[in-house]
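Commentary on secondary and tertiary structure
Each chain, written out:
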Amino acid sequence: MTFDPETTTFLIAGPVRIHPRVLRAMSMPSLNHRGDYFHGIVQEIRELLPVLFGTPGHQVVLSGSGTAGLEAMYSSLLPKDGRVLVLSNGNFGERSDKIARQYSSHVTTVTAPWGHPIAPEAVRTELEKGDVVAVCLVHNETSVGLANDLGAISKEVRRAGSPLLLVDGISAVAGIPINVTEWGIDALVAGPQKGLAAPAGLAIVHLSDRAVEALHPGSFYLDLKAHLGPLEKNDTPWTPAVPLFLALREALLLLKEETLAGRLARTHRLAEASRAAVDALGLELFPEREFASDTVTAIKNPNGMGDAELRKVLEHQYNILVQGGQGALTGKIFRIGHMGIADWPDLLVTFAALERILGKAGRLPAPGASLRAVVDRMP
Ligand code: PLP
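This section reports on the structure supplied with the text. Keep in mind that what you see is a predicted model, and the values were worked out from it rather than measured.

**Topic: unusual backbone geometry**
Residue Gly14 is joined to Pro15 through a cis peptide bond whose omega torsion reads 0 degrees. The residue Pro15 is located in the loop between strand E1 (9-10) and helix H1 (20-26) in this model. The backbone of Asp131 sits at a positive phi, close to 70 degrees, despite the residue not being glycine. Exposure remark for Asp131: the relative accessible area of 63% places this residue in the exposed category. Positive phi, normally seen in glycine, also occurs at Asn234, with a value near 55 degrees. Within the element layout of this structure, Asn234 appears in the loop between helix H8 (224-232) and helix H9 (242-258). Under the relative-accessibility criterion, Asn234 is labelled buried at 12%.

Structure (structure tokens):
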């Protein structure tokens, strides 16, 4: 079967497959975004958002992709004075670093090699030098399939006293457990096109009470303070992406029906199955295994097999979409996204096709073993 966008097994690292209920929700005639009907939609979204973050709080929906959410967070919260720590161990850490440097001239970057976690001790060392007013990090580094230990890092930040903890949770929220309150997270950006399985094009920002106190205008369009006031009246400061709000409401309802705990548990199970299947194929995970992400599995390409031999065959021969590597990792790794509404049939089809490709190349150690690994982990 050749690639068909309408029927493909869609396992890139986000945007993810969208439930037909969510697709239908977007097919509405134009709405008056200042009218009662749309205000009712915003109200429902506000009531549902605590399901996504696992806690109530100040939660703002922005029209603009995840990066808009990051820029809103940094521009509205990075103080003018004081040092800002940015933790970076992948492509999105580098992006955060770039955005943070637009809004602060006192950024120190703490790095770890791609595929390795940020060490909490390295964060402590920088914090002990003093003057740190904010710590920024990517929880789940989508580019390398690695989840940083946000719990351990947050302990270091809290030990240091008052720095704000600003988190890119774009591919973590609704995919990886996050204890927003216990870990003292001040701002957390979610990308609805990932664990929530809504369309791309919105960003959702959760703010703590003290983050709300600290808000200041840094950007016009993305000024979080300018959004909070109208939100009290179920309104938005500028014209919102109405169809995406309709889709967001339906995706939140689906999450509520499954429950956040249910979605996290299912995502974890799919991740465990994927990792076991990768082992059975004789392939290697890219990140340190202990930190392998539950939403995205990043796998080293076997020697001598690049995108043309692997990913493109999956796409054009078997109608399966997985994602390649970014930057220096192009052609060196491929990534399977298994978040949102991804499910067991997706994994079975994908690993069956990988078995066939590797088998034809004479590189399959144990035929059927990866499928067995998945089946054994099904509920
Ligand atoms: N941060 C992380 C961790 C991501 O995974 C992504 C997108 O994949 C982004 C930021 C950027 O989000 P967007 O492409 O929606 O602007």
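Read on, since the account is not over.
**Let's talk about helix H2 (residues 36-53)**
If you check H2, its first and last C-alpha atoms are 26 Å apart, about what 18 residues at 1.5 Å a residue would give, namely 26 Å. For H2, the principal kink sits at Glu47 and spans about 30 degrees; a proline, Pro50, occurs within the next four residues. Phe38, His39, Ile41, Val42, Ile45, Leu48, Leu49, Leu52 and Phe53 are the residues of H2 that are buried. Along its buried surface, H2 packs onto strand E2 (58-63), strand E9 (187-190), strand E10 (202-207), H8, H9 and helix H10 (260-280). Positive phi shows up at Gly54, right after H2, with a value of about 75 degrees.

**Quick look at the sheet that holds strand E11 (residues 296-300)**
With antiparallel pairing, 3 strands are arranged side by side in an open sheet as E11-E14-E13. At either margin of the open sheet sits one strand with a lone partner, and together these are E11 and strand E13 (323-324). Where E11 lies against strand E14 (residues 333-337), 5 bridges are found, and the strand directions are antiparallel. Each bridged residue has a counterpart across the sheet, and for Lys300 the counterpart in E14 is Ile333.

**Section: the side chain of Asp186**
With respect to the helices and strands, Asp186 occurs in the loop between strand E8 (164-168) and E9. Under the relative-accessibility criterion, Asp186 is labelled buried at 3%. Polar contacts involving the side chain of Asp186 include one to the side chain of Ser208, which spans 2.8 Å. Leaving out residues up to four positions away in the same chain, Asp186 has contacts with Pro163, Leu164, Leu165, Leu166, His206, Leu207, Ser208, Arg210 and Ala211.

**Notes on the site of the ligand**
The environment of the ligand is made up of 14 residues, and the closest members are Ser65, Thr67, Thr142, Asp168 and Lys194. A distance of 2.5 Å separates an oxygen atom of the ligand from a polar side-chain atom of Thr67. Interatomic distance of 2.6 Å between a side-chain N/O atom of Asp168 and a nitrogen atom of the ligand. Against a free-state accessible area of 390 Å², the protein chains account for coverage of 87% of the ligand. Going through the elements one at a time, helix H3 (66-77) and helix H4 (91-103) are the ones with two or more residues in the shell around the ligand. The element that contributes the greatest number of residues to the shell around the ligand is H3, accounting for 3 residues.

Each value, and the rule that gives it
Residues numbered from 1 in each chain as written. Predicted model: local features only at pLDDT ≥ 70, side-chain atom pairs only at ≥ 80, totals over all residues. Heavy atoms only, no water. Helix = DSSP H or I, 4+ residues; strand = E, 2+ residues; numbered from the N terminus. Buried < 20%, exposed > 50% of the residue type's maximum accessible area, 1.4 Å probe, protein only. Expected span 1.5 Å × (residues − 1). Bend = angle between axes of the 7 residues up to and from the residue. Contact = heavy atoms within 4.5 Å. Pairing = 2+ DSSP bridges. Polar contact = N/O pair within 3.5 Å; in protein donor to acceptor, adjacent residues only side chain to side chain. Near = heavy atom within 4 Å. Areas by Shrake-Rupley, 256 points an atom, 1.4 Å probe, with all protein chains shown as cover.

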